[in-house]
Amino acid sequence: MSAINQIVSTSISSSTSTFLGHNNLKNIKPSSVAIPGKINGVVKCVASPSAEKTAYKTKVSRNENLAKLQAGYLFPEIARRRAAHMLKYPDAQVISLGIGDTTEPIPEVITSAMSKRSYALSTVDGYSGYGAEQGEKALFVYLSSQQLRAAIASTYYADLGIEEDDIFVSDGAKSDISRLQVLFGSNVTMAVQDPSYPAYVDSSVILGQTGQFQKDVEKYGNIEYMRCTPENGFFPDLSTVRRTDIIFFCSPNNPTGYAASREQLTRLVQFAKENGSIIVYDSAYAMYVSDDSPRSIFEIPGAKEVALEVSSFSKYAGFTGVRLGWTAIPKDLLYSDGFPLAKDFNRIVCTCFNGASNIAQAGGLACVSAEGIKAMHEVVGFYKENTAIIVDTFESLGFKVYGGKNAPYVWVHFPGRSSWDVFSEILEKTHVVTTPGSGFGPGGEGFVRVSAFGHGENVLEACRRFKQLYK
Amino acid sequence: MIWTREIEHKNKYPNANVISLGIGDTTEPLPDVVALSMANYARKLSTPKGYRGYGAEQGCKALRKAIAETVYKDIGIKDSEVFVSDGAQGDICRLQLLFGSNMSVAVQDPTFPAYVDSSVIIGQTGDVNRESGSYQKIEYMACGPHNSFFPDLSKTGRTDIIFFCSPNNPTGHAASFEQLEQLVQFAQENGSIIVYDSAYAVYIKDGRPRSIYEVPGARKVAIEVSSFSKIAGFTGVRLGWTVVPEELLYSNGFPVIKDYNRVVCTCFNGASRISQAGGLACLSSEGFKAVLSLVDYYKENAEILLETFKSVGLRAYGGENAPYLWVHFPGSNSWDVFNEILEKTHIITVPGSGFGPAGKEFIRVTAFGHRENILEASKRLRSFLS
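As annotated in an unreviewed UniProt entry, chain B carries the name Aminotransferase class I/classII large domain-containing protein and comes from Rehmannia glutinosa. Under the heading Cofactor (unreviewed entry), UniProt records this for chain B: "pyridoxal 5'-phosphate".

Under an unreviewed UniProt entry, the name given to chain A is Aminotransferase class I/classII large domain-containing protein, and the organism recorded is Rehmannia glutinosa. UniProt, in the comment section headed Cofactor (unreviewed entry), describes chain A in these words: "pyridoxal 5'-phosphate".

Draft legend 1. Seen up close, the overall build of chain B. Each helix and strand in chain B was counted, giving 12 helices and 13 strands. Relative to its full complement of 386 residues, chain B shows a buried share of 63%. Put simply, 72% of the contacts in chain B that link residues at least 6 apart link residues at least 24 apart. For chain B, the distance from the average site of its 38 positive side-chain charges to the average site of its 41 negative ones is 5 Å.

Draft legend 2. Structural detail: the interface of chain B and chain A. Counting residues at the interface gives 82 residues for chain B and 69 residues for chain A. Carbon and sulfur atoms supply 60% of the area that chain B and chain A bury against each other, a total of about 6200 Å² over both sides. Seen at the junction of chain B and chain A, the total is four salt bridges. Counting only elements with at least two residues in the side of chain B that touches chain A, the list comes to α1 (2-12), α2 (32-44), α4 (88-99), α5 (113-122), α6 (177-190), α8 (256-267) and α9 (273-283) of chain B. Here the side of chain B that touches chain A takes eight residues from α2(B), the largest share from any one element. Among the residues making up the side of chain B that touches chain A, the classes are represented as 37 nonpolar, 27 polar and 18 charged.

Draft legend 3. Molecular detail of α8(B). For α8(B), with 12 residues, the first-to-last C-alpha span of 16 Å sits near the 16 Å given by 1.5 Å per residue. Among all positions in α8(B), only Val256(B), Ile257(B), Asp259(B), Tyr260(B), Arg262(B), Val263(B), Val264(B), Cys265(B), Thr266(B) and Cys267(B) are buried.

Draft legend 4. The arrangement of empty space enclosed by the protein in detail. Summed over all chains, the structure comprises four cavities of 30 Å³ or more. If you add up the space inside the second largest cavity, you get close to 80 Å³. As for the second largest cavity, its lining consists of Ser175(A), Ser178(A), Arg179(A), Val182(A), Cys352(A), Gly90(B), Cys93(B), Arg94(B), Leu97(B) and Cys267(B). Considering only residue class, the lining of the second largest cavity consists of five nonpolar, three polar and two charged.

Draft legend 5. Representation of the sheet that holds strand β6 (residues 193-197) of chain B in the model. All names here are of chain B. Reading across the sheet, the seven strands line up as β2-β8-β7-β6-β5-β3-β4 and stay open at both edges, with mixed pairing between neighbours. The sheet is open, and its two edges are formed by β2 (82-85) and β4 (138-142), each paired on a single side. The average undirected angle you get between the axes of adjacent strands in this sheet is 20 degrees. Bridge count between strand β7 (residues 222-227) and strand β8 (residues 240-243): four bridges; the pairing is antiparallel. By the bridge assignment, Ser-226 is partnered in β8 with Trp-241. In the packing of α4 onto the sheet, contacts are made with β2, β5 (161-165), β6, β7 and β8, and the angle to β7 comes to roughly 155 degrees.

Draft legend 6. View of the packing of aromatic side chains. Residues and elements named next belong to chain A. For the coordinates displayed, the defined rule picks out 50 aromatic pairs over all chains. Aromatic side chains Phe-394 and Phe-399 sit 5.6 Å apart centroid to centroid with 70 degrees between the ring planes, which places their arrangement in the edge-to-face category. Each member of the pair Phe-394 and Phe-399 is classed as buried. One aromatic cluster is present, built from ring pairs that chain together Tyr-73, Phe-75, Phe-234, Tyr-258, Tyr-402, Trp-411, Phe-440 and Phe-447.

Reading guide: rules and limits
All residue numbers here refer to positions counted from 1 along the written sequence of the relevant chain. To read the labels, note that chains go from A and ligands from 1, taken in the order they are written. Thresholds applied to this predicted model are a pLDDT of at least 70 for local features of residues and 80 or more for the giving and counting of side-chain atom pairs; totals over whole chains, interfaces and linings are not thresholded and use all residues. Remark: hydrogens and water are excluded; side-chain values derive from all non-hydrogen atoms of the structure. UniProt positions are given in the numbering used here, feature names are shortened, and annotations may be inferred rather than shown by experiment. Secondary structure is summarised from DSSP: a helix means a run of H or I of at least four residues, a strand means a run of E of at least two, and numbering begins at the N terminus for each. Note on classification: 1.4 Å probe, protein chains only; a residue is buried when its accessible area is under 20% of the maximum for its type, exposed when over 50%, partly exposed between these limits. Only heavy atoms enter the contact rule, under which two residues are in contact if any of them lie within 4.5 Å. Positive charges come from Lys and Arg, negative ones from Asp and Glu, while His and the chain ends are left out of the count. Every charge is mapped onto a representative atom, which is NZ of Lys, CZ of Arg, CG of Asp or CD of Glu. Here the quantity called buried area is the total loss of accessible area, with a 1.4 Å probe, experienced by two parts when brought into contact, counted for both. A pairing counts as a salt bridge when a side-chain nitrogen of Lys or Arg comes within 4 Å of a carboxyl oxygen of Asp or Glu. Note on residue classes: Ala, Val, Leu, Ile, Met, Phe, Trp, Tyr, Cys and Pro are nonpolar, Asp, Glu, Lys and Arg are charged, and everything else, Gly too, is polar. A helix is expected to span 1.5 Å multiplied by its residue count minus one. Two kinds of site are reported from a 1 Å grid over the protein atoms alone, namely cavities, where a 1.4 Å probe fits but cannot get out, and pockets, open sets with protein on both sides within 12 Å along at least five of seven lines, and residues are called lining when an atom falls within 4 Å of a point. Grid points are joined across faces, edges and corners, and a volume is the space filled by probe spheres set on the points. Two strands pair under a simple rule: DSSP has to find at least two bridges between them. Interaxial angles span 0 to 180 degrees and are taken between N-to-C directions of axes, which are lines fitted to C-alpha atoms, for helices over the stretch in contact. Aromatic contacts are taken between Phe, Tyr and Trp rings whose centres are within 6.5 Å, Trp giving its six-membered ring; a plane angle under 30 degrees counts as stacked, one over 60 as edge-to-face, and the others as tilted.

Structure (structure tokens):
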């Protein structure tokens with residue numbers, strides 16, 4: 001122990017002391033322990049400051065891309081706040097309409113298939129290891145069930161020219177987005193909608209595609225943010241959008257709930273064609289479309305040369321914990337040198353992944369059976385009813401409300417207010433968790449996203465509380 | 001490439017009983033208790049009480065705890081340091097995302113290809129030398145009979161990351177405690193991070209270390225990756241984990257675990273909850289016993305194959321602490337040997353050069369297979385090779 005510490009520790013306590021001059025110890029950093037012979041006015045008694053200073057450090061530099069990220073990923077942050085709130089109000093009935101987490105049980109036709117598959121793994125005939133099917137192995141080794149790929153192609157892409165071997169089954173959209181980023185590498189420019197699902201921007205930062213975060217505009221350098229607001233009908237003004245290599249586009253949109261029209265997507269495809277860009281189209285909410293808005297980018301002529309599509313069973317079948325999705329990459333999608341994207345993506349999938357769980361895939365097969373599709377539509381229908389209730393509630397309170405028609409998200413406008421403030425106010429006063437719009441990008445400021453995933457009675461109760469708060 | 005050869009061969013000899021001792025894929029059914037736990041978990045997802053949505057990206061707490069307490073019993077790994085995943089290959093990619101492209105990397109030669117391939121993909125390497133198959137900027141640490149399959153660290157250049165797999169795929173060598181002490185010391189002296197792949201630890205018979213963390217000081221220099229694939233036959237179920245100790249710091253003092261957590265939360269959404277339920281069952285006392293008897297089955301296969309190669313006078317390494325045999329055919333080209341074995345005995349193996357330049361004269365034979373196939377393969381190999 002240094003001499004200073006010895007003197008200090010015998011004469012004062014670490015909690016309050018007039019010797020210290022003030023009693024706010026929160027400002028004292030242990031690393032600023034006094035230099036021997038000099039007291040700067042503030043000294044904290046620490047038992048062994050030497051332990052911290054001499055902690056072994058490797059000589060490996062921190063990846064500066066990780067350092068660019070401003071905070072944790074959005075949804076764990078929401079979860080943290082929710083948990084803190086529950087500690088603060090242990091008797092409150094906290095209702096979560098924040099993280100878009102499904103709540104309703106999975107239809108039995110689907111779980112019984114997974115159950116059966118699980119049992120089968122304990123039998124000689126039913127056991128399988130790496131996802132190789134018995135019989136013929138395709139030359140492209142996707143490590144996924146050939147049956148499932150065929151079923152996804154015929155269910156979602158019938159007559160759209162997307163075939164079984166264009167489908168890459170995965171453990172979900174979030175992982176696929178990162179695998180696509182690994183595919184693209186650090187030397188690509190990308191455009192996102194603003195606001196957008198945070199994984200596109202955050203994965204772009206991690207891969208090194210972006211510059212630093214610019215606090216004044218709340219944007220990362222080198223990303224083209226395509227503003228989507230009520231003023232432009234939640235579709236970007238493409239005439240003001242710079243060319244980028246990759247365009248991330250989610251429709252029906254998370255968080256705004258807006259589903260682009262056929263005309264709008266035609267313009268998007270044309271924009272991509274003119275610029276030689278690749279659209280990464282996220283269609284995770286396609287089954288929520290109620291009107292005749294396109295459900296797949298491949299409904300647009302020419303899209304197969306400029307787009308790939310990511311989707312997921314999470315919000316259709318409640319597979320948020322089961323983990324199953326897919327990416328469709330058309331054979332006609334080529335790099336500038338003519339090399340097919342699908343070939344490189346296959347390489348990534350074979351090197352950086354080992355297939356979705358075979359049990360989840362068995363569930364997926366049941367999902368796209370006739371009975372499974374019917375059951376998924378029922379689940380989706382239930383969440384859509386919730387959405388309608390939430391939309392009605394906020395509209396009746398005089399708010400401008402967006403989304404909700406073709407997606408399980410309601411995008412509520414709180415003009416002139418900080419979305420984190422509104423989030424906190426709603427949480428504090430009604431014990432309902434939502435998601436602040438600015439978590440999705442600067443274009444989300446002034447909005448709050450209310451998700452429609454929840455038990456019916458919880459959604460009704462939440463709406464009752466909203467009515468109380470904002471009457 | 002192996003699979004295209006397999007298809008070609010099966011088309012050429014439609015009546016041959018082709019036996020695969022190539023790709024290391026488990027073959028034996030899961031223990032009942034494990035399959036049942038997953039079946040029940042899946043079924044309960046249809047009930048209000050049993051339904052679960054998103055899980056924590058790092059894995060469910062119970063499983064993290066079970067791994068820390070069972071696999072790392074008395075080794076002092078906290079559950080908060082365990083990140084449950086969908087397997088080692090996904091984890092290696094996530095670790096590469098964590099490290100970024102400005103890293104220098106060392107691998108054993110020969111090695112499980114994913115370390116090199118992921119390194120190339122993330123941009124850490126230079127071009128490939130077509131002749132040797134090695135990539136510029138990667139430090140290859142030769143492991144062969146000449147150095148008892150442990151690299152000569154005095155001849156190894158400093159790199160940021162050292163990938164080290166023990167028991168080793170493909171050579172089957174399990175490093176001794178003294179060797180791992182040397183490795184940890186080497187990492188400490190160079191300020192490097194070891195990425196230790198312990199996927200085959202449970203195959204160790206003779207008391208060699210099962211975790212890098214058995215070596216004092218390893219918590220400050222090593223990340224450990226492991227998997228339920230070869231422990232429990234989970235190659236299709238998909239479950240593994242990575243340990244990142246809190247003490248592991250970057251040069252600026254920033255804890256690696258914080259950044260890894262960020263990568264996991266951004267680039268991943270958790271292992272399937274059903275698989276995690278299976279993992280928990282594997283680590284229960286009944287489950288673990290059942291799983292270890294599966295491992296014993298494959299160990300016995302390995303013994304049979306070792307005996308086979310010995311009996312025909314071939315040098316077969318490994319096979320004692322790992323489910324892989326590394327058979328030496330001095331002076332030959334491994335693809336030629338692979339083709340000859342396939343043509344003459346209808347057995348698929350893996351040519352050693354697929355694992356790196358130092359694998360040129362070797363063939364990897366896996367011990368995964370139904371007993372009758374192992375016995376049949378042994379018979380054919382004996383008659384062909386003698």
